[in-house]
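Secondary and tertiary structure notes
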Amino acid sequence: MARSKPSKQLSQAEIERFLVAAEALHLSIIKPFISPSSEHHRALQRTHEALLKAVKDITGKDAKFIAYFGAWSK
């Protein structure tokens, strides 16, 4: 879906609040112990990938709270 209005530039405080919320979401995604072969696990992976993309799109940088080496970790 295309945006109807151009996005505004976020302040540093807004970016920091976004990153705090993104880290909390990241932790809620990686904490549950779920079988890697389950559909729920695959759905969480897609959610996690979307979160990483959103952080990079908004901040222009990779999320500092993510140490991603093929596994979810913090």
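Predicted model only: the values in this text are computed from it and were never measured.

Focus: the packing of helix H1 (residues 12–30) against helix H2 (residues 39–59)
- Relative orientation of the contacting elements H1 and H2 amounts to 165 degrees, with a least axis distance of 10 Å. Classified by the interaxial angle, the pair formed by H1 and H2 is roughly antiparallel. Of the two elements, H1 crosses H2, and the hand of that crossing is left-handed. In this structure, H1 contributes Ile15, Phe18, Leu19, Ala22, Leu25, His26, Ile29 and Ile30 to the contact, and H2 contributes Leu44, Thr47, His48, Leu51, Ala54, Val55, Ile58 and Thr59.
- The residue inventory of the contact of H1 with H2, partitioned by class, reads twelve nonpolar, four polar and no charged.

Some remarks on H2
- Here H2 contains 21 residues, and its C-alpha end-to-end distance of 30 Å stays within 8% of the 30 Å for a straight helix at 1.5 Å per residue.
- Taken together, the buried positions of H2 are His41, Leu44, His48, Leu51 and Val55. Buried residues of H2 fall within an arc of 70 degrees about the axis and therefore sit on the same side. For H2, the exposed residues set more than 90 degrees away from the buried face come down to Lys53 and Asp57.

A few points about H1
- A rise of 1.5 Å per residue sets the reference length of H1, with its 19 residues, at 27 Å; its end C-alpha atoms lie 27 Å apart and thus fit the reference within 8%.
- Residues of H1 that are buried: Ile15, Ala22, His26, Ile29 and Ile30. Taken end-on, H1 shows its buried residues confined to a sector of 75 degrees, consistent with a single buried face. Structural note: H1 exposes Arg17 and Val20 on the side pointing more than 90 degrees away from its buried face.

A few points about the nonpolar core
- Core analysis: the largest hydrophobic core is formed by nine residues, namely Ala22, Ile29, Ile34, Leu44, Leu51, Val55, Ala63, Phe65 and Ile66.
- Elements that contribute at least two residues to this core include exactly H1 and H2.
- Top contributing element to this core by residue count: H2, with three residues.
- Residues within four places of Ile66 in sequence aside, it is in contact with His26, His48 and Leu52.

The rules behind the values
Residues numbered from 1 in each chain as written. Predicted model: local features only at pLDDT ≥ 70, side-chain atom pairs only at ≥ 80, totals over all residues. Heavy atoms only, no water. Axes fitted to C-alpha atoms, helices over the stretch in contact; angles between N-to-C directions. Helix = DSSP H or I, 4+ residues; strand = E, 2+ residues; numbered from the N terminus. Parallel < 35°, antiparallel > 145°, perpendicular 65-115°, else oblique. Left-handed = near helix turned anticlockwise from the far one by under 90°. Contact = heavy atoms within 4.5 Å. Nonpolar A, V, L, I, M, F, W, Y, C, P; charged D, E, K, R; others polar. Expected span 1.5 Å × (residues − 1). Buried < 20%, exposed > 50% of the residue type's maximum accessible area, 1.4 Å probe, protein only. Arc of directions from axis to C-beta. Core = buried A, V, L, I, M, F, W, Y, C linked by side-chain atoms within 4.5 Å.

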